[in-house]
Amino acid sequence: MRRISIAIRTRIKKIKFVYIPYKWVYMIYTHKIRKSINYYYLRHFYKNSSDEDILEAIDFMKKDGVDMIPFNFTKKYNVNFNIMYNNDYPYVIINGKSIYFPKEFSEEVIIDSVRRALLEQDRESPHKYIEERSQVRGDTAILIGGSDGIFALEIVDSFRKIYIFDSDPIWNIPLSFTLKPFKKKITYINKFVSDKISDNSTTLDYYFKDYKGSIDFIQHDTEGHSISILRGSERLLKLFNPHLAIACYHYEQEATLLKDYLSNLGYSCSFSDKFVFM
């Protein structure tokens, strides 16, 4: 039977917050207002809950502030990273590999990005893409929304070939530096992946229409665009039957829609433990 790991599911309700229409006020205050309002309603909705994950999340946010992944395991990632520079581009060393970032990023943003990338793939994280590294390996992997390349380098030894798609041009130069030692193994494509073909976008069916290898793993975290990606890859899914890992917390019905869509293609679906808080 085909299998899919839908990596992330929001069990806590999404809560609407007040939108402040003035741009400068929005930029300065909305994030704090949103966190405060959401946390207030979270405690109200689940004040009588016996769910251990929800209780841990509420206690975590009471003590440490609101966070997307509000669990105690994240605290072990509260460490600093030494930031170095090459041709004005900042980079950090992770597991012996140089990870570059856009030169527009501040050091604070870089440290936060690295921490987030690492904790999201922790064994306890609801955001992890795969349960066990040994379960996902093969000939070819496709990563959509790859940005910094950290996850690609985590699994680089598990596949013969890896393709990274990311539509944001800000990552073009940083990724060229990050992936240089792996240029024979990892290919970066600066395109948006969907169910349409244009100068700036492609479908997986079109891009891999003459592919000679076996596609064994596809991961995407694309801010709610996964259904359109799947529509543009149905031939590939039927031909290669790859393992899938899809982030599905971006809007309220995303997990349900993805599960229904993939069930119709013959996939069985499972979700990670815990939840993310939005």
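Residues numbered from 1 in each chain as written. Predicted model: local features only at pLDDT ≥ 70, side-chain atom pairs only at ≥ 80, totals over all residues. Heavy atoms only, no water.

## Focus: a nonpolar patch on the surface
A surface patch of nonpolar side chains, amounting to about 340 Å² of accessible area, comprises Y40, Y41 and F45. Summarising the element assignment, Y40 is placed in helix α1 (residues 23–45). Y40 gets classed as exposed once you look at its relative accessible area, which sits at 56%. (Patch = residues over 30% accessible without salt bridge, like charges linked within 9 Å, V, L, I, M, F, W, Y side chains within 5 Å. Areas by Shrake-Rupley, 256 points an atom, 1.4 Å probe, with all protein chains shown as cover. Salt bridge = Lys/Arg side-chain N within 4 Å of Asp/Glu carboxyl O. Helix = DSSP H or I, 4+ residues; strand = E, 2+ residues; numbered from the N terminus. Buried < 20%, exposed > 50% of the residue type's maximum accessible area, 1.4 Å probe, protein only.)

## Brief notes about helix α9 (residues 254–264)
Residues of α9 that are buried include every one of E254, A255, L258, Y261 and L262, and no others. When α9 is viewed along its axis, its buried side chains cluster within an angular range of 135 degrees and face the same direction. Immediately downstream of α9, the backbone of G266 shows phi near 95 degrees, a positive value. (Arc of directions from axis to C-beta.)

## Side note on the environment of I94
The residue I94 is located in strand β3 (residues 89–94) in this model. For I94, a relative accessible area of 11% puts it in the buried group. The spacing of I94 and E154 is 60 residues in sequence and 9.6 Å in space, taken between C-alpha atoms. The contacts of I94, once residues within four sequence positions are left out, are I99, V114, L118 and I150. (Contact = heavy atoms within 4.5 Å.)

## A few points about the side chain of T74
Along the polypeptide, T74 turns up in the loop between α2 (52–64) and β2 (84–86). Since its relative accessible area comes to 8%, T74 is described here as buried. Among all residues touching T74, those that are not within four sequence positions of it are F60, I69 and L119.

## Concerning the pattern of salt bridges
Summed over the entire model, instances satisfying the criterion amount to seven salt bridges. Across the salt bridge formed by R116 and D67, the nearest N and O atoms sit 3.1 Å from each other. Here the residue R116 occupies a position in helix α3 (residues 107–120), and D67 occupies one in the loop between α2 and β2, the gap between them amounting to 49 residues. A relative accessible area of 22% places D67 in the partly exposed class. For D195, the salt bridge identified is with R231, shortest N-O distance 3.8 Å. Of this pair, D195 sits in the loop between β8 (192–193) and β9 (201–202) while R231 sits in helix α7 (residues 226–231), placing them 36 residues apart in sequence. What makes R231 partly exposed here is its relative accessible area of 47%. When salt bridges with common partners are traced through the structure, they connect D195, K196 and R231 into a single cluster.

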